[in-house]
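Observations on the three-dimensional arrangement
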Amino acid sequence: MEPLISPTPANWQHRRLDEVCTVQAGPGGSVLKAADRVASGIPVVNTTDISDGRITSTPAYMVSRDKARRLDRYELAEGDILLARLRATTSHALITTAESRWLMGSSTIRIRVTDAARSALLPCYLDCYLRHPSVHDFLTGQIQQGVVPSLTSEIVSRLPLALPPLEIQNIVVKVAAAIHDKIQAHEQVIQAARQLRDALIPQLVSGEVTAL
């Protein structure tokens, strides 16, 4: 197996993804049908709901709780990674507490660290690993192009994984978390500025408020 990231320190391991994770494709059309959609229920996450490493909002597609119970093998848990399967370039999201117990959609692939591997691989480190340009390029290069581009669970299972010691993984995760917090803080400032603009500009234009 040719590493995607090299050279790496001598104490790093190189494994195939399916040696430490389960890889699950989403339910097929015969299992999850358009008729199963309801107005309120358990959200189903599809490719269109994944952007910039996260689930963008509450998905529009939902199923009843009874249907969700019958599809429990497709249930999401905190720490899972959900890949967008039907997209020309690969993207993924790390599942948080907020999305736990939601369902994966037919256009996604779920990666879950096995119980046996949790002492050797942190889900948050795997999230960071998938962001490495070489890993991103490898997965994007494996997408089967066609009318609808697609990535298969078999290809994802064979992904080469660079696995550092846990103390290194923890450092990577802490740095990534600090950067994520800064991004969120800036996004909140931007959102507040947009709200101010949308509230103030109409008042200025109509003369309700006079610019100083």
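Residue positions are given per chain, counting from 1 as you read along its sequence in written order. Side-chain atom pairs in this predicted model are given and counted only at pLDDT of 80 or more, local residue features only at pLDDT of at least 70, and totals for whole chains, interfaces and linings cover all residues. With hydrogens and water excluded, all non-hydrogen atoms of the structure serve as input to the side-chain values.

Right, let's talk about the pattern of salt bridges for a bit. For this analysis, a salt bridge means a side-chain nitrogen from Lys or Arg found within 4 Å of a carboxyl oxygen belonging to Asp or Glu. Counting across every chain of the model gives 11 salt bridges. A salt bridge links Arg 69 to Asp 66; its shortest N-O distance comes to 3.7 Å. A residue pair is termed a helical-turn pair when its members lie 3 or 4 positions apart in one helix, as Arg 69 and Asp 66 do in helix α2 (residues 65-70) at three residues. The class of Asp 66 is partly exposed, set by a relative accessible area of 40%. Taken together, the shared-partner salt bridges connect Asp 66, Arg 69 and Arg 70 into one network. Under the DSSP-based scheme used, a helix requires at least four consecutive residues in state H or I and a strand at least two consecutive residues in state E, with every element numbered from the N terminus. Throughout, exposure labels follow a simple rule: accessible area from a 1.4 Å probe, protein chains only, divided by the maximum for the residue type, with under 20% read as buried, over 50% as exposed, and the rest as partly exposed.

Attention shifts here to the sheet that holds strand β6 (residues 62-63). Taken in spatial order, the three strands line up as β6-β3-β9 in an open sheet, and their pairing is mixed. A single partner strand is all that each edge strand has here, and the edge strands are β6 and β9 (103-104). At least two bridges found by DSSP between two strands are what make those strands a pair. Direction of pairing for strand β3 (residues 37-45) relative to β6: antiparallel, over a ladder of three bridges. The partner of Arg 37 across the bridge, within β6, is Val 63.

The next subject is the sheet that holds strand β2 (residues 21-25). If you trace the four strands from one edge of the open sheet to the other, you get β2-β10-β7-β8, paired in antiparallel fashion. Looking along the sheet, the strands with just one partner apiece sit at the ends: β2 and β8 (92-94). Going from strand to strand, the sheet's axes swing by 20 degrees on average, the running direction of each strand aside. Pairing of β2 with strand β10 (residues 108-113) involves five bridges; the strand directions are antiparallel. Each bridged residue has a counterpart across the sheet, and for Val 23 the counterpart in β10 is Ile 111. Think of each axis as a best-fit line through the C-alpha atoms, taken over the contacting stretch in the case of a helix, with angles from 0 to 180 degrees between the N-to-C directions.

Summarising the element assignment, Ala 120 is placed in the loop between β10 and α3 (123-129). Take Ala 120: its relative accessible area is 28%, and that puts it in the partly exposed class. Sequence separation between Ala 120 and Pro 165 is 45 residues, and the spatial gap between their C-alpha atoms is 7.3 Å. The contact rule is simple, with two residues in contact once any of their heavy atoms fall within 4.5 Å. Look past the residues within four positions of Ala 120 in its chain and what remains in contact with it is Leu 163, Pro 164, Leu 166 and Gln 169.

Side chains Pro 160 and Ala 162 project from strand β11 (residues 160-163) onto one buried face, and the interleaved Leu 161 and Leu 163 project onto a second face that is buried too. Bridging between strand β1 (residues 13-16) and β11 involves four bridges; their strand directions are antiparallel. Across the sheet, residue His 14 finds its bridge partner in β11, namely Ala 162.

With that settled, the discussion passes to the side chain of His 92. Summarising the element assignment, His 92 is placed in strand β8. What qualifies as a polar contact is a pair of N or O atoms within 3.5 Å, subject to a donor-acceptor requirement within protein and to the restriction that residues adjacent in sequence count only when both atoms come from side chains. Reaching out from His 92, the side chain makes a polar contact with the side chain of Asp 127 at a distance of 2.7 Å. Beyond its immediate stretch of four places on either side in the chain, His 92 contacts Ile 50, Gly 53, Arg 54, Ile 81, Leu 82, Leu 83, Asp 127, Leu 130 and Arg 131.

This brings us to the nonpolar core. Within this scheme, the nonpolar core is defined by two criteria: the residues are buried Ala, Val, Leu, Ile, Met, Phe, Trp, Tyr or Cys, and they are joined through side-chain atoms within 4.5 Å. Ranked by size, the top nonpolar core spans 29 residues in total, and within it Leu 17, Ile 111, Leu 121, Leu 126 and Tyr 129 carry the most contacts. Of all the secondary-structure elements, those providing two or more residues to this core are α1 (17-20), β2, β7 (81-84), β10, α3, α4 (133-142), α5 (153-157) and β11. In this structure, Leu 17 is in contact with Val 23, Ile 111, Leu 126, Val 156, Ser 157, Leu 159 and Leu 161, ignoring residues within four places of it in sequence. Among the nonpolar cores identified, the runner-up in size contains 19 residues, and Ile 42, Ile 55, Leu 76 and Leu 103 belong to it.

Function cannot be inferred from these measures alone, as they are strictly geometric.
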